[in-house]
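Spelled out from the first residue to the last, the chains are:
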Amino acid sequence: MADTHEPTGWIGARLKRKEDGRHLAGAAQFVADIRIPGLKDVAFVRSQVAHGHVRGIVKPADKSAQVFTFADLGNVNVLPAGPEMPSFKLGPYPPLAMDRVRFAGQTIAAVVAGTRGEAEDIADTVVVDIDELPAVVDCVAAMQPGAQKLFEHWADNAYITSTITEGDIARAAAAPIQVRRQFRMNRQATVTLEGRGVVAHWDRRLEELVVYLSTQGAHVMRIGIAQSLGLPEHKVRVIAPDVGGGFGGKNRLMPEEVAVAALAIKCGHPVRWIEDRREHLIASVHARDHTYDLTISAERDGTLIGVEGDVYVDAGAYALWPTGSFMETSMAARNLPGPYRIKALKVNTWTVATNKAPMGPYRGVARPGACFAIERLVDEMAREIGRKAFDLRRQNIVTKAELPYTTVGGMTFDTGDYVASLDMARDLIGEVAVRKRQSQSESDGRAIGVGFAFYSEQSGHGAAEWMKRKGRIIPGYESCNARMNSDGSVILAVGTQCFGQGHDTTYAQIAAHELGIDPSLITIRYGDTSTTPMGFGSFGSRSIVFAGGAVAHAGRQLADKIKKIGAHLMQADPATVHIENGRVHASSEGVAASLPIAEVARAANIRQELLPAGMSPLLEVTSTYEPRDSAGVFSYGTHAAVVAVDPDTGVVEILDYAISEDCGTVINPMIVDAQVQGGIAQGIGTALYEEIPFSSEGQPLATTFADYHVPGALEVPLVRVGHLMHPAEGTEYGVKGVGEGGAIAPPAVLGNAIADAFRSIGAQPNETPMTPRRVSDAIAAARAAMGVRS
Amino acid sequence: MKAKVSLVLNGESVSAEVEPRETLADFIRERQGLTATHLGCEHGVCGACTVEVEGQTTRSCLTLAVRADGMHVKTLEGLAADPAMMVLKRWFHDEHALQCGFCTPGMLITARDILSRHRAPDAGTIRKELSGQLCRCTGYANIVKAIEAAGRELAGA
Amino acid sequence: MKSAPFDYFKPGSVADACARLASESGGAVAIAGGQSLVPLLALRMAPAVTLVDLGGLSALGQFAKTSDGVRIGAGVTHAAIEDGKVPDPSGGLLQRVAGGIAYRSVRNHGTIGGSVALADPAADWPACLLALGATARISGPSGERVEPMEALLVGAYTTSIAAGEIITAFDVPALPTGTRWSYQKVVRKSGAFAMSIGCVIVRPDRAAVVVLGGTTTRAQLLVETATAFGGDEARLRAAIARDLASVQQDADDYVKRLHTATLLKAVREAAG
């Protein structure tokens, strides 16, 4: 079976989305919209302090039956989480605190009441006695000798440390040009517009626990819930209804979810917890929080040689099940060489426990930080040697002729044309015109800058890659159950989860392509462990590669059987049969015949006497799929941005933004463009707006949207998207994932654009978000260093 | 204490005894079972809960149900047959102006209000007027395009 | 994120409202548009025993031209001013400020009186009305009094309004023909509260007025900067520096740069 197809028919069609109708009607069903008779609400008592020993929990006397501590939940297993490596120190995360709290916001007790308001009233009266311990809030200081420890039995605060040494380190150390910089990417939240949520009840008819969960992967969560509660998996059903965004933030088993599932059994009535925004910001999945101290080295002619230095990731107080955030440091380190012919990499990494909410995945995982670091370093190197950053980038980037290319970080870039990508971005942004404008002074005193940043996005990586990461669960395949009904309509059940990406539409396009029927005849089902085959959910830009591939395979298997039956019904040679436009066609020796696929479906489902002798009835298959090479395929692109910066206020306005991107074969260009635009909006949030700072006592200082700034319509520009298309060789149709790429490069491109605006003084916008204060301070510091009055 | 609230919700008179602390959003969602109105922040910033009260866009999370006593309230469910809303929905579909759909009801109600106050507004006007509606998926571009197209169509341009 | 329980009182008159607010001085809170108060209640950051709802008091929603300007009821919404329903004797300043507050659905309910009474140092109306030389009319148990904005604004979230008192209206003087003004604000993102506000009003018949908002205390009249209006940049910068030293002693270098830039922009625009 060929892996690569030329895009035809439904593949590549700008098909409007099948899932829009229910949302436009206001008839979608999110977890908070589930209504079950007898439902009661849950609120949590949360730790007010960042770190301490829990000495006692005093319930209000008249409401004690409504308040549940860990001990009240029954037998709950606290699951080990994080990679399965002897060197990884375990920090299990209980659904409700036991003897210790390790971050402000940690769940301590659950309260059940008729309304959420009443539950919060009771929660306010629960008294928690805590002996406070010093809070660990700085992940670099946390590694100093004598630092307060989070887990007494650990030798230090590192979950894991490692040193990556690849290539010719000595040559890098001896290189004539060395540029050292520090970078910070501060902590943020994932901010799905729908927070997390869970509704759980024990179904007495089926004798099973039903958990409605806003999640990116119902099957994996079922495994976690079953293990946590000590239930066999066939007694747990997880349903993800409409999910209002995920972005990584709904891909870990969280304490509230285990607690509410346990309460459903304990209480004997349905219970519900809907995360509010403050809970989201203080206690949901946090992201980024990277610190870099790096040196890039080069020859005098600009040939880049090596990257060396330290990477710290502040992973927070616990490891989230199943894998925590522990791909974060290794991914950051391995992505530091970027797309360049860098020959030496020496990076020490620390993944550190601190008294902050646990870190998890967020769109782009680790790469926004790595991209920010390497792409800023390339620009700084260019300034150091008096070259244009664009030219230095172009000089060192891997060429088309060199692909496939294995970087010193150990990643193998597959197909593409990176030089063409750079050039396309330069042309899209109109660099010549921008430089002209830049050379003239602006009437409002602002400075103009233009920046470029290249990113790559590993997608569709399977068993080989996840085994390397020592995952507890290896998401090496996806599955599809395809069933054609007696009228020729089709239901496809998959193990991935749509939370806005348009799977209902793109999977239907793939199946329509393979089955020769209209997508309107195809329904996609996901998000219910009882009705879909095992799968790992949607994350890591994997769905189109894995589930798209599984759908293609299932579709082809169905098509083969349809053709056999069709040939039999038409008394034609099966070798001459093909399906197209809803019909089975037979053509040989100038004789043409055809019949509707529905006729075949009818025979297969309800008229088995019409089938070939010995053929089993039904048109139903379950396929699993993993790509030929499970190390992944790489989407990539170049972001280009023009900014205007007020040096005094530090306010940055994005005047223009363009990207050249390549995600291989595109199933639906409308959806791909929207993923790019939406990803960039989130990347702009990381770059300029979003941050959860902490006080020295470990208190989170952005707990509402008044303090945590999510970019709005005036902050996100219209992004102009240019396309290159180099199909992957090892995936169905040549697809590559596209979900995360948009979010990776904005911090880098905006940092470079801001630095470009102040290149003459060498301002260093090296910490995200690049707030007005940080930008203005960076400019003032550069001016001061040059002796210029600010 | 409890207070009686009677209001006209999507053209139907409804009344209930509520606690004064109950928001209009909870009144609509929990008491009346209309779940098009979404809660994204409950402190008035995200705009997902936007409804119409007396013809004016309103954060239902910032409105106490008792304060809507005697008023006309419309949610997305009640605007199904509204001609401008029908045009907007068609353009939202055509321009791929929604992904996860959580912000969509608030976006649509706000968009309808924008078009009622601005004839065929340009993208800049739409962006300014949309600044109180957060979307985490789309990056806004297609929402702006959809409203712009609907505005042109409704203006007969 | 749900409010703690509270009682609710819907007064029939301003006097009724004042009486209730006075009688429960510790726990009665007036609610106007509710756009700032309700979030604080939802976050359980504002304890309230009884909410006294000013929303239905028609007396507060009035506006009318007066002999020397306009009287704007405290219950008039930002949207009403934005839409030009209220006579604007300031040559568009009121309208411009109203249209820049938060978001439309908030402006539909938020009121000018509620904004001033809350006295958020980053809010627009205190700075604008202070620059305009407006006067607040205040009702209370002992009758009605008037208070210039300069006396009304005391500090961050603090005014001279006593227990049992409410603002009923603002008298905003008309600006004569030939007046120039500028209103500049720097925000972290659209619709957010201001990091810095600079409002400059230059009447042909009086000295310039310069107001700084977004400080850590309250909107402030900047006397030195106003005096230096029309001077060269060096003189203006020096004046701004002296003003900042007196009105915001805790300003760090960035805050100084920020406010200076905002004020210079406002001064330049007002100077034409």
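Here the structure is a predicted model, which is why all the values come from computation and not from measurement.

Along any regular strand, the residues point their side chains to alternate faces of the sheet. Pairing analysis gives six bridges linking strand E6 (residues 135–140) of chain C to strand E7 (residues 143–148) of chain C, with the strands arranged antiparallel. Its bridge partner lying in E7 of chain C, Gly-140 of chain C is registered against Gly-143 of chain C.

This part is about the domain arrangement of chain A. Residues and elements named next belong to chain A. Taken as a whole, chain A is organised into domain 1 (20–27 + 477–625), domain 2 (34–133 + 196–243 + 251–283) and domain 3 (286–463 + 629–786). On a C-alpha basis, the centres of domain 1 and domain 2 stand 40 Å from each other. Facing the 20 residues of domain 1 at the interface are 17 residues of domain 2. Buried surface at the junction of domain 1 and domain 2, summed over both partners, amounts to about 1,300 Å²; 50% is from carbon and sulfur atoms. Scanning the region where domain 1 abuts domain 2 turns up two salt bridges. With a shortest N-O distance of 2.6 Å, Asp-528 and Arg-237 are connected by a salt bridge. Our enumeration of links across domain 1 and domain 2 arrives at eight residue pairs in polar contact (both at pLDDT 80 or more).

The next point concerns the sheet that holds strand E18 (residues 447–459) of chain A. Backbone hydrogen bonds are what pair the strands of a sheet, in a parallel or an antiparallel way. All names here are of chain A. Reading across from one edge, E18-E26-E27-E28 is the order of the four strands in this open sheet, with mixed pairing throughout. The open sheet is flanked by E18 and strand E28 (720–723), the only strands paired with a single partner. Adjacent strand axes in the sheet meet at a mean angle of 20°, parallel and antiparallel pairs treated alike. Taken together, the ten bridges between strand E26 (residues 633–645) and strand E27 (residues 652–662) define a ladder with antiparallel strand orientation. What sits directly across from Val-643, in E27, is Ile-654. Strand contacts of helix H11 (residues 431–439): E18, E26 and E27, with the helix running at about 145° to E18, the strand carrying the most contacts. Running at roughly 160° to E18, helix H18 (residues 746–757) makes contact with E18, E26 and E27 of the sheet.

So, on to the packing of aromatic side chains. Residues and elements named next belong to chain A. By the definition in use, this model includes 19 aromatic pairs over all chains. Ring geometry for Phe-88 versus Tyr-159: centroids 5.8 Å apart, planes at 10°, classification stacked. Highlighted residues: Phe-88 in the loop between strand E3 (67–68) and strand E4 (100–101) and Tyr-159 in strand E7 (residues 158–167), separated in sequence by 71 residues. Ring centres of Phe-183 and Phe-372 lie 5.8 Å apart, and the angle between their planes is 70°; this geometry places the pair in the edge-to-face category. Within this pair, whereas Phe-183 is found in strand E8 (residues 177–189), its partner Phe-372 is found in helix H8 (residues 367–384), the two being separated by 189 residues in sequence. Following the ring pairs from residue to residue traces out a cluster consisting of Phe-88, Tyr-93, Phe-103, Phe-151, Trp-154, Tyr-159 and Tyr-318.

A complete count under the given rule lists 90 salt bridges over all chains for this structure. The residue Glu-691 of chain A makes a salt bridge to Arg-774 of chain A at a minimum N-O spacing of 2.8 Å. Here Glu-691 of chain A, found in the loop between helix H16 (669–689) and E28, pairs with Arg-774 of chain A, found in helix H19 (residues 772–786); they are 83 residues apart in sequence, far enough to count as distant. Among the residues examined, Glu-691 of chain A registers a relative accessible area of 13% and is labelled buried. Between Arg-203 of chain C and Asp-205 of chain C there is a salt bridge, and its shortest N-O distance comes to 3.1 Å. Under the relative-accessibility criterion, Asp-205 of chain C is labelled partly exposed at 48%.

Listed per partner, the contact involves 51 residues of chain A and 40 residues of chain B. With both sides pooled, the region where chain A packs onto chain B buries about 3,800 Å², and carbon together with sulfur makes up 58% of that total. When the area that chain A buries against chain B is broken down by residue, the three leading residues are Leu-24, Leu-193 and Ala-713 of chain A, summing to 20%. At the junction of chain A with chain B, the criterion picks out six salt bridges.

Let's shift gears to the sheet that holds E7 of chain C. Residue and element names in this part refer to chain C. Strand order across the open sheet formed by five strands is E4-E5-E10-E6-E7, with antiparallel pairing between neighbours. Looking along the sheet, the strands with just one partner apiece sit at the ends: strand E4 (63–66) and E7. Going from strand to strand, the sheet's axes swing by 20° on average, the running direction of each strand aside. Pairing between E6 and strand E10 (residues 166–173): five bridges, direction antiparallel. If you follow Ala-136 over to E10, its bridge partner there is Phe-170. Each of E6 and E10 is contacted by helix H1 (residues 14–23), which is oriented at about 125° to E10, the strand it contacts most.

Further remarks concern the state of the cysteines. Think of a disulfide as a covalent bridge from one cysteine sulfur atom to another cysteine sulfur atom. Tallying each qualifying case throughout the model produces zero disulfides over all chains. Take Cys-49 of chain B: it sits in no disulfide, and the sulfur closest to it among the cysteines is that of Cys-61 of chain B, at 3.7 Å. Free of any disulfide, Cys-199 of chain C has its nearest neighbouring cysteine sulfur in Cys-128 of chain C, separated by 5.6 Å.

What follows covers helix H10 (residues 418–429) of chain A. Residues and elements named next belong to chain A. Taking 1.5 Å per residue, twelve residues should reach 16 Å; H10 reaches 17 Å between its end C-alpha atoms and fits that length. All of the buried residues along H10 are Tyr-418, Val-419, Ser-421, Leu-422, Asp-423, Ala-425 and Ile-429. Directly beyond the C-terminal end of H10, a positive phi value near 65° is found at Gly-430.

The interface is formed by 20 residues belonging to chain C together with 29 residues belonging to chain A. Surface buried jointly by chain C and chain A totals about 2,000 Å² across both partners, of which 53% is contributed by carbon and sulfur atoms. Looking only at chain C, the three residues that lose the most surface to chain A are Met-1, Arg-188 and Arg-257 of chain C, adding up to 35% of its buried area. If you look at where chain C meets chain A, you find five salt bridges. Across the pair Asp-252 of chain C and Arg-773 of chain A runs a salt bridge whose closest N-O atoms are separated by 2.7 Å. Applying the counting rule to chain C against chain A returns 16 residue pairs in polar contact (both at pLDDT 80 or more). Top contributing element to the side of chain C that touches chain A by residue count: helix H11 (residues 253–271) of chain C, with five residues. Of the residues that constitute the side of chain C that touches chain A, the class distribution is eleven nonpolar, two polar and seven charged.

Parameters at a glance
- Residues numbered from 1 in each chain as written.
- Chains lettered and ligands numbered in written order.
- Predicted model: local features only at pLDDT ≥ 70, side-chain atom pairs only at ≥ 80, totals over all residues.
- Heavy atoms only, no water.
- Pairing = 2+ DSSP bridges.
- Helix = DSSP H or I, 4+ residues; strand = E, 2+ residues; numbered from the N terminus.
- Domains from an automatic or database assignment.
- Contact = heavy atoms within 4.5 Å.
- Buried area = accessible area lost by both parts, 1.4 Å probe.
- Salt bridge = Lys/Arg side-chain N within 4 Å of Asp/Glu carboxyl O.
- Polar contact = N/O pair within 3.5 Å; in protein donor to acceptor, adjacent residues only side chain to side chain.
- Axes fitted to C-alpha atoms, helices over the stretch in contact; angles between N-to-C directions.
- Phe/Tyr/Trp six-rings, centres within 6.5 Å; stacked < 30°, edge-to-face > 60°.
- Buried < 20%, exposed > 50% of the residue type's maximum accessible area, 1.4 Å probe, protein only.
- Disulfide = S-S within 2.5 Å.
- Expected span 1.5 Å × (residues − 1).
- Nonpolar A, V, L, I, M, F, W, Y, C, P; charged D, E, K, R; others polar.

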